[in-house]
Amino acid sequence: MDLAFMNQSFKRFVPAEFLAILGKKRLIDVKLGDQVKKEMSIMFVDIRSFTTISEKMKPEESFNFINNYLSRIGPIIRKNKGFIDKYIGDGIMALFPSNPDDAILAAILMLEEVKNINSENPNSHPIKIGVGIHTGDMMLGIVGENERIEGTVIADAVNLAARLEGLTKVYGSSILISHQTFYNLDDSAKYDFRILDKVKVKGKNESVTVIEILNGRHDSAVKRILNEKLEFERGVGAYLMKDFVRAEEIFKKMFENNPDDLAMKLYLERAHHYAIHGVPLDWEGIEAM
């Protein structure tokens, strides 16, 4: 069989970018235990409520649906200097070795592409995606045993990015990034964003500041959030100062005007609870999620 054809085929299973980071030119040069430490941005993407959507499909329809979706999303990742590490059902784990801006731009373009997919299929159930992005040091390498090996990434950063993707459901957001990613951006001012919360996610001792990137959402939603950003910050400020009565007043008024904003609802419920029951003496406004 033609060697060039074989190499091209293998790239569909092991990205060339993965080999390049390992310092390998060919797949046959890879061996168990090869590893390298590198700072990268990691992205997790998931279709919201896909289980519910797939229940209405036959198995072959689910496969066709996912493959069509992935065929639209995968090229966006590659065009923005990232590569797909693995598929997890309808989810994607992708790595961006160069710059966290690449990951955020890819996420924004993915949201735009999802709008296109929904507009092309007006009679089908519209899909939504959640994206979590974190930047940190990772060990990229080959794990397994002699008869079966796989390229993967091992780090706390992987778990945190996955948790951020999961938190998009809690806050009703599309793109969530960590403060580590935010601080590494070339120019954060070119994005529309709001600082949502400071949390400790499951399995982590250190807290992370959760930041919502608004670009890519429908213009009306972005405009509304930006118009209320200052008031939202006032409410969060009162909340962190333990003035829960004031915080509840602010978020209640905002939530009445915008009942679809889950972040406001979350703060309203917390402020109401703490106003009645109080907080622990060591409370610092960090929530365990």
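Look up: the structure comes first, before these words.
About the cut-offs
Residues numbered from 1 in each chain as written. Predicted model: local features only at pLDDT ≥ 70, side-chain atom pairs only at ≥ 80, totals over all residues. Heavy atoms only, no water. Helix = DSSP H or I, 4+ residues; strand = E, 2+ residues; numbered from the N terminus. Expected span 1.5 Å × (residues − 1). Buried < 20%, exposed > 50% of the residue type's maximum accessible area, 1.4 Å probe, protein only. Arc of directions from axis to C-beta. Contact = heavy atoms within 4.5 Å. Salt bridge = Lys/Arg side-chain N within 4 Å of Asp/Glu carboxyl O. 1 Å grid on protein atoms, 1.4 Å probe; cavity = no way out; pocket = protein on both sides within 12 Å on 5 of 7 lines; lining within 4 Å. Points joined across faces, edges and corners; volume = space filled by probe spheres on them. Nonpolar A, V, L, I, M, F, W, Y, C, P; charged D, E, K, R; others polar.

Chemist: Would you explain helix H9 (residues 229-240) in this entry?
Modeler: Between its terminal C-alpha atoms H9 stretches 16 Å, which fits the 16 Å expected from 12 residues at 1.5 Å a residue. For H9, the set of buried residues is Phe232, Gly235, Val236, Ala238 and Tyr239. Relative to the axis of H9, the buried residues are bounded by an arc of 160° and lie together on one face. Each element contacted by the buried residues of H9 is listed here: strand E7 (193-200), helix H10 (244-257), helix H11 (262-277) and strand E9 (287-288). Looking one or two residues past H9, Lys242 carries a phi angle of roughly 70°, positive in sign.

Chemist: Explain the pattern of salt bridges to me, please; I cannot follow it from the model alone.
Modeler: Side chains bearing opposite charge may pair, as long as their charged atoms lie close to each other. Applying the stated criterion across every chain, the model contains 15 salt bridges. For the salt bridge of Glu212 with Arg194, the shortest nitrogen-to-oxygen distance reads 2.7 Å. Separated by 18 residues along the polypeptide, Glu212 in strand E8 (residues 208-213) and Arg194 in strand E7 bring together distant segments of the chain. Of the residues examined, Glu212 reaches a relative accessible area of 0% and is grouped as buried. Note that Glu212 and Arg217 form a salt bridge whose closest N and O atoms lie 2.8 Å from each other. Ionic contacts of the salt-bridge type, sharing partners, join the residues Arg194, Glu212, Arg217, Arg224, Glu228 and Asp261 into one network.

Chemist: Mind showing me how you'd approach the layout of surface pockets here?
Modeler: One way to see where empty space is left: roll a probe the size of a water molecule over the atoms. Taken as a whole, the largest pocket encloses approximately 740 Å³ of empty space. Lining of the largest pocket is provided by 27 residues; of these, Lys128, Gly172, Ser174, Arg217 and His218 occupy positions nearest its centre. Broken down by secondary-structure element, the contributors of at least two residues to the lining of the largest pocket are helix H5 (100-120), helix H6 (156-171) and helix H8 (219-227). Residue composition of the lining of the largest pocket, grouped by class: nine nonpolar, eight polar and 10 charged.

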